[in-house]
Amino acid sequence: MRNRFFIRVTLAAITACLALAVALVNAQAPAYRAPRAPDGKPNLSGIWQAINTANYDIEPHSAAPSPVLELGASGAIPAGLGVVEGGALPYRPEALTKRNENRANRLKLDPEVKCYLPGVPRAVYQSFPFQIIQSQKHIMMIHEYAGAVRTVYMADQVEAPADSWMGWSNGRWEGETLVVDTKGFNDLSWFDRSGNFHSDALHVVERFTARSADTLNYEATIEDPKVFTRPFKITMPLYRRVEPNAQILEFRCVEFVEDLLYGHLRKQPSQ
Amino acid sequence: MIARLIGTLVIAGIASIAVSAQAPAYKTPRTPDGQPDLQGFWSNATYTPLERPDNVTKEFYTPEEALAAEKAAAARENAQTDPGTVADVHYDFTQFGLDRSQATLARSRRTSLIVDPKNGKLPPITEEGKKILAARAEEAKKLGGRWDSAQSNQLDDRCIIMAGPGPPMMDAAYNSNYQIVQAPGYVMILTEMIHDVRVIPLDPSTFREPQGRPEQGRGTTGSGSPRAESRSDGRLNAPTQVRQWMGVSRGRWEGDTLVIETTNFNGKNPFRGSTENMKVVERLRRVSEDVIEYNFTVEDKSMWERPWSAEALMRKTNGPLFEHACHEGNYGLYNTLVGARLEEKHAAEAPTKKDSK
Amino acid sequence: MNRRSLVSFGVLVLGVAVLLTATIAAQVPAPLAKPKAAVKAAPPPTSKPYTPPKTPDGQPDLQGFWTNSTYVPLERPQGVTKEFYTPPEAEAAMKAAAAREAEQTEPGTTADVHYDFSQFGLDRSQSTIAASLRTSLIVDPPDGKMPPVNAKGQKRAGERAAARKAAGGQYDSVQNMPIGSRCIIMGGAGPPMMNAGYNANYQIVQSPGYVMILTEMIHDVRIIPLDNRPQAAQELRQWVGLSRGRWEGNTLVVETTNFNGKNAFRGASENIKVTERFTRISDDMIDYKFTVEDPETWDRTWTAEAPLAKTDGPIFEFACHETNYGISNILAGARAEEKQKAEQAKKGSN
């Protein structure tokens with residue numbers, strides 16, 4: 001009697017284990033959970049960089065020649081599948097005309113050429129790393145390009161007191177995601193080198209979520225009723241710079257553009 | 001020397017023309033991840049033209065007719081290098097073993113590569129296609145003479161792209177060599193000229209990856225059951241704005257046949273007149289240790305009234321493939337342009353010289 | 001800073017605090033009579049030694065918004081020999097400095113063309129000041145002055161002067177103009193961090209393994225790693241050098257080398273080494289000390305002390321280069337002047 005009971009219990013246990021095993025195999029793999037920062041929030045600190053060609057053109061595009069002849073292949077534009085969900089940007093008709101004019105004159109008009117602050121979200125996907133320094137009241141995002149810096153206010157939040165190039169960012173945690181809500185942009189920065197632009201009504205909501213130890217999922221919802229017919233989303237992974245001693249170095253480009261901007265005002269040698 | 005070469009051709013030819021004869025059912029070996037194995041070095045060198053010659057009506061030559069056709073083609077090819085001819089300035093093709101008669105020939109007895117339409121010729125051109133061809137001719141006129149600029153030269157002389165990679169992959173006149181390498185989820189085809197690589201992502205639901213041990217009893221028709229999760233996730237599609245010289249390809253296995261679909265061409269390298277709307281479907285099936293059957297279907301509603309198909313062969317050849325650094329050593333283009341400019345200069349100065357005498 | 005001098009410092013600063021607000025207010029012209037000056041003081045000497053709060057990862061907490069705005073000059077003025085003013089003397093010195101600062105904007109003076117500094121609240125008398133009774137920021141050498149420049153330093157100074165002369169007039173090209181006017185970098189960034197004439201504001205944010213210092217002008221960020229990583233190769237040079245930090249008790253010690261020499265601090269060479277020490281001595285004050293070492297300029301090191309006082313945030317974006325009309329207008333004006341002169345000369349010779 002005892003033996004049969006024992007056998008039945010064992011069988012039941014084995015069955016249960018098998019069922020559990022099958023269930024585990026079939027279940028969704030759990031989402032990655034980042035280590036905790038000392039205050040218990042997900043730790044997004046580190047040096048991050050996008051690897052794509054969004055800074056050339058956020059829409060899908062083929063490879064194209066350099067706008068500067070002397071640079072040859074070094075200045076040519078690599079292809080990209082695009083980072084805009086849905087492919088094309090939902091421009092208002094008159095805005096599309098302006099975008100095309102921008103593109104035709106991009107050497108003269110692209111603020112990046114002049115070493116101007118890159119705005120958001122362009123700063124995230126330029127070919128330069130940025131560092132997230134995460135404290136409790138403030139999360140800093142420090143970009144190598146032109147030393148651009150964003151302060152994300154996690155506490156003592158106010159509305160943007162004035163317009164600026166990088167906007168005014170207020171942040172909050174939604175579970176594992178850092179949500180950064182930015183307004184207060186001027187209309188002077190571009191989204192990329194292809195003339196894609198915005199107005200001062202720009203409103204960007206970004207979501208940073210760890211997807212593995214060394215990658216983040218980055219998503220930006222962009223809204224600008226003066227330029228686009230509806231909001232649109234940009235998505236891309238961000239990769240951690242894992243080499244030892246990785247650090248943000250200087251890219252102080254003002255010096256590099258002075259002759260471009262002011263060279264025509266240089267005193268010419270007298271006859 | 002030419003006679004000796006053609007003699008070699010005859011001996012080799014009779015032996016290998018029997019490709020289309022019945023052979024025992026071939027079981028394509030498998031790669032470790034379960035794909036039919038197409039790997040190795042292959043040649044599609046052939047004397048068979050794409051379209052059936054005007055004076056031919058049948059689909060296959062007899063073996064003797066096939067050999068005669070090849071001899072004639074080889075002779076034409078070697079004629080280039082006879083001294084005193086206009087083309088004599090070009091180096092002797094045969095000296096470097098570049099002519100097809102010295103290559104691994106993927107020969108068949110077909111009178112044309114085109115198998116459909118049944119007359120072995122390209123289908124009629126649509127009205128839209130005629131307009132497009134006319135517009136292209138106009139554009140070409142604007143570019144001026146062939147030696148006016150780099151851009152008015154042929155694509156192969158500019159070292160941009162040659163006939164080999166396609167798709168569809170065509171005989172390249174020499175160095176018609178390919179290397180196929182497969183890895184989980186991908187087939188890579190390297191074309192010797194101009195080191196063009198097609199990386200073809202595979203729909204993984206069309207074959208089963210063994211879970212750490214080789215599959216048993218697949219046979220030649222087995223295709224495996226679909227995987228629980230596909231890795232295709234958008235990788236197999238490209239947005240319409242992305243256009244490439246070789247288009248964008250994606251592949252799948254149908255039994256032992258690799259099916260490759262290619263779209264998103266940039267239209268700058270028309271294939272027999274095709275536009276950027278061309279779609280090419282290729283089918284590769286290894287029918288023996290030494291031969292891959294290569295079929296392709298071209299569909300381009302902007303150019304032809306109906307799709308058309310062709311059948312060619314790829315024959316195993318010796319590796320390795322050598323680096324074809326075309327652009328890096330492109331003295332040809334440079335020298336022709338310099339020469340043309342010099343000729344113009346002389347022509348401009350000549351009357352003056354005469355006058356000054 | 002040892003405990004005794006810390007206490008004395010505290011006493012002196014406290015003693016001065018109440019006086020300054022009133023006296024500076026009295027000195028400044030009418031529309032500015034109610035300055036925002038909030039002079040921060042160190043804790044009274046009777047309180048027990050300050051224990052700074054800690055960040056969640058255990059670093060002493062330096063975070064917040066700080067200013068190093070001050071009227072105290074780097075070097076002791078001529079005719080002054082002591083280390084500390086009495087409170088009335090300090091007050092008088094500050095009043096005089098404030099008056100000089102306000103003087104810029106009097107009509108009819110050459111500097112009149114510049115906008116009215118005080119109108120935008122940019123002058124120090126309208127800012128939070130990190131006050132002190134010191135007669136100089138330099139605390140060592142004891143005479144409050146930089147050590148004499150040695151032979152190498154003088155030679156280099158001569159070479160630099162010659163290069164400047166060869167480059168031509170100040171308005172000949174943008175590269176001849178001051179680095180700050182070119183919006184490349186300003187004195188606040190350092191290191192060492194010196195008080196800017198206005199907007200002398202900083203934000204410190206800490207994260208495990210890092211201290212970040214944001215300088216308002218020109219949105220300069222120094223990211224200081226605390227992980228004992230080796231210093232970068234000699235070939236890598238930066239305007240702000242490369243910094244490495246470590247905690248010694250409650251003091252953050254930051255060593256910086258690898259400067260590029262284009263923004264020479266008081267004539268130093270590119271091989272200058274700056275060591276900074278940050279110690280929070282109250283909720284409202286960080287004691288900031290820096291030591292400068294450059295054997296190619298001075299035969300000894302020298303040290304200065306300049307407190308950082310808590311101020312209100314936030315820090316605003318200082319997009320200097322993006323709207324640098326100053327440079328293009330100055331250069332265009334200089335070219336226009338030359339053209340005018342040349343045309344007049346031509347007329348004269350006709």
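From a predicted model like this one, the values you see are computed outputs, not experimental measurements.

Caption draft 1: Region of interest: the pattern of salt bridges. By the definition in use, this model includes 59 salt bridges over all chains. The closest approach of N and O atoms between Lys155 of chain C and Glu159 of chain C, which form a salt bridge, is 3.1 Å. Here Lys155 of chain C and its partner Glu159 of chain C are both found in helix α3 (residues 151–167), four residues apart, which amounts to about one turn of the helix. The exposure class assigned to Lys155 of chain C is exposed, which follows from its relative accessible area of 58%. With a closest N to O distance of 2.8 Å, Arg277 of chain C and Glu248 of chain C form a salt bridge. Taken together, the positions of Arg277 of chain C in strand β8 (residues 273–282) and Glu248 of chain C in strand β6 (residues 242–248) put the pair 29 residues apart, joining distant regions of the chain. A relative accessible area of 31% places Arg277 of chain C in the partly exposed class. Several salt bridges converge on common partners, so that one network encompasses Arg252, Glu254, Glu261, Lys279 and Arg283 of chain B.

Caption draft 2: Representation of the interface of chain B and chain A within the structure. Counting residues at the interface gives five residues for chain B, matched by six residues for chain A. Taken as a group, Pro239, Gln241 and Val242 of chain B account for 80% of the area that chain B buries against chain A, more than any other trio of residues on that side. Linking chain B with chain A are zero salt bridges, by the criterion used here. One can count two residue pairs in polar contact (both at pLDDT 80 or more) joining chain B with chain A.

Caption draft 3: Inspection of the pairing of strand β4 (residues 149–153) of chain A at higher detail. Residue and element names in this part refer to chain A. For β4, the buried fraction is high: five of the five residues fall into the buried class. Here β4 shows no split at all, with Val149, Thr151 and Tyr153 on one side and Arg150 and Val152 on the other all buried. Sheet analysis places strand β3 (residues 138–143) next to β4, joined by five bridges and oriented antiparallel. Looking at the pairing, Met141 lines up with Arg150 of β4. As consecutive antiparallel partners, β3 and β4 are separated by five residues, and within that stretch Ala146 has a phi angle of approximately 55°, a positive value. Both β4 and strand β5 (residues 168–174) contribute to a ladder of two bridges, which runs parallel.

Caption draft 4: The arrangement of the nonpolar core in detail. Judged by nonpolar contacts, the single largest core of 48 residues is most densely connected at Ile58, Leu178, Phe208, Ile234, Met236 and Leu238 of chain A. Beyond its immediate stretch of four places on either side in the chain, Ile234 of chain A contacts Ile58, Val83, Val84, Pro121, Tyr125, Tyr218, Glu219, Ala220 and Ile222 of chain A.

Caption draft 5: Representation of the pairing of strand β6 (residues 177–183) of chain A in the model. Residues and elements named next belong to chain A. Counting buried residues in β6 gives five out of seven residues, a clear majority hidden from the surface. Where β5 lies against β6, seven bridges are found, and the strand directions are antiparallel. Opposite Ser169, over in β6, you have Thr182 as the bridge partner. Where β5 hands over to β6, the hairpin turn is made up of two residues, of which Gly175 adopts a positive phi near 60°. For β6 and strand β7 (residues 203–212), the ladder comprises six bridges, and the chain directions are antiparallel. Paired with Asp181 across the bridge in β7 is Val205.

Caption draft 6: Here's a closer look at the state of the cysteines. All names here are of chain A. With the rule as written, the count across this model stands at three disulfides over all chains. Between Cys115 and Cys253 runs a disulfide, and the two sulfur atoms are separated by 2.1 Å. The disulfide joining Cys115 to Cys253 has a torsion of about 75° about its S-S bond and is therefore right-handed. Of this pair, Cys115 sits in the loop between α3 (106–109) and α4 (122–125) while Cys253 sits in the loop between β9 (232–240) and α5 (254–262), and the two are 138 residues apart along the sequence. Like Cys115, the residue Cys253 is buried in the burial classification.

Caption draft 7: Quick look at the domain arrangement of chain B. All names here are of chain B. Here chain B is described as being made up of domain 1 (2–324) and domain 2 (331–357). Taken together, the contact pairs seven residues of domain 1 with five residues of domain 2. Each partner contributes to the roughly 450 Å² buried at the junction of domain 1 and domain 2, and carbon and sulfur atoms together form 68% of this total. Ranking the residues of domain 1 by area buried against domain 2 places Trp147, Asp148 and Ala150 at the top, with a combined share of 69%. The interface formed by domain 1 and domain 2 contains zero salt bridges. The residue inventory of the side of domain 1 that touches domain 2, partitioned by class, reads two nonpolar, two polar and three charged.

The rules behind these values
Residues numbered from 1 in each chain as written. Chains lettered and ligands numbered in written order. Predicted model: local features only at pLDDT ≥ 70, side-chain atom pairs only at ≥ 80, totals over all residues. Heavy atoms only, no water. Salt bridge = Lys/Arg side-chain N within 4 Å of Asp/Glu carboxyl O. Helix = DSSP H or I, 4+ residues; strand = E, 2+ residues; numbered from the N terminus. Buried < 20%, exposed > 50% of the residue type's maximum accessible area, 1.4 Å probe, protein only. Contact = heavy atoms within 4.5 Å. Buried area = accessible area lost by both parts, 1.4 Å probe. Polar contact = N/O pair within 3.5 Å; in protein donor to acceptor, adjacent residues only side chain to side chain. Pairing = 2+ DSSP bridges. Core = buried A, V, L, I, M, F, W, Y, C linked by side-chain atoms within 4.5 Å. Disulfide = S-S within 2.5 Å. Domains from an automatic or database assignment. Nonpolar A, V, L, I, M, F, W, Y, C, P; charged D, E, K, R; others polar.

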